[in-house]
Structure formats: C-alpha cells, structure tokens
Amino acid sequence: DKNVGTILDCLREQGLERNTVVFFTSDNGGINWGNLGTDDYRKLCDEQPINGGLRRGKSSLYEGGIRVPMIVSCPGTIPQGVVSDQPWYFPDAMATFADIAGAEQFLLKQHDGRSVWPVLQGNRERLDPRPLYWNGYLHGPGFRQVVRLGPWKLMRFSALGRSYGLATAKQPKDCPPPAHLELYNLDKDPGERNNVARRNPRIVAELKERMQAFDAELTRNTRPVGKVKNPDYLVQE
C-alpha cells in the first residue's frame, strides 16, 4: 500500500495524474491452503475468510482462485466512486491498453481480448456477453477447463488422473472425480456450492460446445515442443 501511494504521489507532483490510467489488481485470488494436504482442506480452502466466501483460492479455477477485485483511476476521465459488475479477465488487458493508447492497429488479428475502456469511462454499462475461458493443471487430479458465459460457469475435469501441486500430499476429500462436469449460476451461487449440471443439460451442452471450440483453436495455433505424452487436454468424456 505504501509503494502504491508513493507512485500516485509522484504522478500528482509531476502533473501526470489526469493523463495516466492506473490499474490495481491481482493475478489470482487469496492463499490456497490445499498444499497442506490435511483433513481440514475443505474448511481452509472453501471457507477461508480471505476470499469472502468464494470457493478455494490461488491455483484453483473456482471463483476463489480467479475472481479478483480491480481498481482503476484516472481523474477527469474515469468517473469516481462507480462500481461495475462487468466481468473481464487478463486477455482483455492488452486490448484495453491498446485502446487507451490509440494503438489497436498493432494488435494481432486473432486475439482473445476485448477492450473494456468504454465501460471504464462510463460510455457503456456492459460489454455484450461473450465466453471467457481458463485452463490448466492445478490442485487436484487432471487438466481443468472453465468456460463462463453470462452467469453460467462450466468446469470440466479431464478423464486422465495426472496430478499437479498435490503429487506428494494427501488428496483432499472433496477432490472431484475425473471426467467430471460442474455447472454453477454465479449470480445465484457465487460460492459455487450447488452443482446444477444435471438440471441444465441444454446449458451444459452449449458451454461444452464453446469449450471444444476453444480446444480446436488452441490446437490449430499451438506448436508442441517435443513429444507430448497423454495429451489429456484433448480427451472428451
């Protein structure tokens, strides 16, 4: 906090405060106690106060790991005291910065981000709904994928049991089985306590199709390094 204040004070002293957009955020949620591998995993990870009731924390694709606050400041350009519920994620950062700098022509033709600069300025209340995507080997078995569209968030766990981060620790009791799907309505259930996948097959099918489209795009635009064993990111249950 002290160093952030030092930077802001410097901008004011140099007369740059009204010509500089300051973003303050985090690359992940609060601490995740899962690497302890204890029976208190659910209590520590799912209910830790540091994440305000969100499930899990850092190194997880539940909301406790990927939902973070952000503060943006530019006096005279960005309205003060406004709170927005517009969801956006790090692929949007480059598009937003390029928009602010008038450098959109230098972006790659195929990029995943969208500029939220009109929302930050108050010119638009929200961007049109679009799917947001995350993936990775995180705490627990297998490869994880997430697609969010509007309030709906689908999580997919791969069919293979590769483990990362907990290889030498006791697997937590609530670790989902492989080839597993979870669906949450984040408007009604931000803590992700109620998996409603079975009750919403149409939404699951739609989001799985979006997920497979991301898979296909990643496969087209990625060159593997060396031989890849057990490419479980391509496994479909």
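Residues numbered from 1 in each chain as written. Predicted model: local features only at pLDDT ≥ 70, side-chain atom pairs only at ≥ 80, totals over all residues. Heavy atoms only, no water.

Now for the confidence of the model for the protein chain. Residues of the protein chain with pLDDT of at least 70 account for 73%, and the chain-wide mean is 81. Here residues 161-172 scores under 50 on pLDDT; set against residues more than four positions off or in separate chains, the count is 29 contacts. Across residues 228-237 the pLDDT falls below 50, and counting only partners more than four positions away or on other chains, this stretch makes 20 contacts in the model. (pLDDT = per-residue confidence, 0-100. Contact = heavy atoms within 4.5 Å.)

So, on to helix 4 (residues 91-101). All of the buried residues along helix 4 are Asp 92, Ala 93, Ala 95, Thr 96 and Ala 98. At the exit of helix 4 stands Gly 102, carrying a positive phi of roughly 70 degrees. (Buried < 20%, exposed > 50% of the residue type's maximum accessible area, 1.4 Å probe, protein only. Helix = DSSP H or I, 4+ residues; strand = E, 2+ residues; numbered from the N terminus.)

This paragraph deals with the environment of Gly 57. Within the secondary structure, Gly 57 is located in the loop between helix 2 (41-46) and helix 3 (63-66). The spatial distance from the C-alpha of Gly 57 to the C-alpha of Arg 67 is 9.2 Å, given a sequence separation of 10 residues.

The topology assignment puts Glu 104 in the loop between helix 4 and helix 5 (117-121). With 11 residues separating them in the primary sequence, Glu 104 and Ser 115 have C-alpha atoms 9.7 Å apart. Not counting the four nearest positions on each side in its chain, Glu 104 is found in contact with Ala 98 and Asp 99.

The next thing to look at is the nonpolar core. With 14 residues, the main nonpolar core has Val 147, Trp 152, Leu 154, Leu 183, Val 204 and Leu 207 as its most contacted residues. Broken down by element, this core gets its largest block of residues, five residues, from helix 6 (residues 201-220). Look past the residues within four positions of Leu 154 in its chain and what remains in contact with it is Gln 145, Val 146, Val 147, Leu 181, Glu 182, Leu 183, Val 204, Leu 207, Lys 208 and Met 211. (Core = buried A, V, L, I, M, F, W, Y, C linked by side-chain atoms within 4.5 Å.)

Although it is not a glycine, Arg 56 adopts a positive phi angle of roughly 60 degrees. Mapped onto the elements, Arg 56 comes out in the loop between helix 2 and helix 3. Of note in the backbone geometry, Glu 192 takes a positive phi value of approximately 55 degrees without being a glycine. Assessed through its relative accessible area of 0%, Glu 192 is described here as buried.

When you tally the buried positions in strand 4 (residues 143-149), you get seven out of seven residues, the bulk of the element. Residues of strand 4 alternate between two faces, with Phe 143, Gln 145, Val 147 and Leu 149 on one and Arg 144, Val 146 and Arg 148 on the opposite face, all of them buried. Pairing of strand 4 with strand 5 (residues 152-157), which is carried by six bridges, proceeds in the antiparallel orientation. From the neighbouring strand, Val 146 faces strand 5, where its bridge partner is Met 155. Counting the residues that bridge the hairpin from strand 4 to strand 5 gives two residues, and of these Gly 150 lies at a positive phi of roughly 65 degrees. (Pairing = 2+ DSSP bridges.)

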